[in-house]
Every structure is written in structure tokens, then in C-alpha cells.
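Chain by chain, the residues:
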Amino acid sequence: MVNFAEQYHRYMADLKYNRLKVVLAEQLNVTEITVSRWTSNKRQPHLEQLFAIANAINVSPRELINDPQSLQNNI
């Protein structure tokens with residue numbers, strides 16, 4: 001017999017409770033796998049995609065490319 005804790009963990013593993021990749025993928029019209037590859041540095045977005053990502057999360061494309069420390073040093 002499977003106990004409640006095991007059932008709960010199986011259920012949570014199947015759920016997409018962290019929807020960040022899902023929502024971003026939907027907004028950018030790409031797959032979740034593509035977003036995952038970008039965030040794990042396995043692939044880099046094309047320039048057009050970079051601008052779309054920046055727009056979707058309301059930041060400057062420069063913030064996605066440059067190190068935050070270097071941005072502060074240029075102010």
C-alpha cells in the first residue's frame with residue numbers, strides 16, 4: 001500500500017506548479033524546452049528572441065546581455 005506522502009510527492013512531480021517557463025514559452029511562442037535550454041545556457045536566443053524576452057519580462061535587452069555590475073559601473 002502506498003502511503004499519503006508518497007502519493008503527494010508523485011502528484012506534485014506531475015504538476016507544473018512552477019509555471020515561469022510555461023508562461024514565458026507561451027508569450028514567446030516557443031516550447032518550454034527552448035526556454036529551459038536558454039536558462040541553462042545550453043543554447044542562446046536569437047537577437048529577435050532576446051528583444052521579445054526583454055519585452056515580456058519588462059527589462060532592457062542590455063540587462064539580459066551584460067553583467068549587472070558592469071551596468072552599474074557605466075552609470
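Preceding block: the structure.
Here the residue numbers are simple positions, counted from 1 along each chain's written sequence. Two thresholds apply to this predicted model, a pLDDT of at least 70 for residue-level local features and 80 or more for giving and counting side-chain atom pairs, whereas whole-chain, interface and lining totals are computed over all residues. Side-chain numbers come from the whole structure's heavy atoms, not from hydrogens or water.

A separate point is the overall build of the protein. The number of helices and strands found in the protein is 6 helices and 0 strands. Each helix is a run of DSSP H or I of at least 4 residues and each strand a run of E of at least 2, with the numbering of both proceeding from the N terminus. Scanning the protein from its N terminus toward the C terminus, one meets helices and strands in the order α-α-α-α-α-α. Between buried and exposed lies partly exposed: a residue is buried under 20% and exposed over 50% of the maximum accessible area for its type, with that area taken using a 1.4 Å probe on protein chains only. Out of the 75 residues belonging to the protein, those deemed buried represent 13%. Once local pairs closer than 6 in sequence are excluded, the contacts in the protein between residues at least 24 apart make up 16%. Residue exposure ignores everything except the shown protein chains as possible cover, and the areas themselves are Shrake-Rupley values with a 1.4 Å probe. When the accessible surface of the protein is summed, it comes to about 6,600 Å², and 52% of that surface belongs to carbon and sulfur atoms. Contacts are assigned to residue pairs that have any heavy atoms within 4.5 Å of one another.

The next subject is the packing of helix α2 (residues 20–28) against helix α4 (residues 47–56). Helix axes are fitted to C-alpha atoms over the stretch in contact, other axes to C-alpha atoms as well, and angles between N-to-C directions run from 0 to 180 degrees. At a minimum axis separation of 10 Å, α2 and α4 run at an interaxial angle of 120°. Between α2 and α4, the angle is such that the two are oblique. α2 and α4 meet at a crossing whose hand is right-handed. Only Ala 52, Ile 53 and Ala 56 of α4 make contact with α2, whose side of the interface consists of Leu 24, Gln 27 and Leu 28. Grouping the amino acids of the contact of α2 with α4 by side-chain chemistry returns 5 nonpolar, 1 polar and no charged. Here roughly perpendicular refers to angles of 65 to 115 degrees, roughly parallel to angles under 35, roughly antiparallel to angles over 145, and oblique to all remaining angles. Crossing chirality is assigned from the near helix's rotation relative to the far helix, an anticlockwise turn below a right angle marking it left-handed and a clockwise turn marking it right-handed. Gly counts as polar in this scheme, as do all residues outside two lists: the nonpolar Ala, Val, Leu, Ile, Met, Phe, Trp, Tyr, Cys and Pro, and the charged Asp, Glu, Lys and Arg.

Okay, the environment of Trp 38 next. Note that Trp 38 resides in helix α3 (residues 32–39). Excluding residues that lie within four positions of it along the chain, Trp 38 makes contacts with Leu 28, Val 30, Arg 43, Gln 44, Pro 45, Gln 49 and Ile 53.

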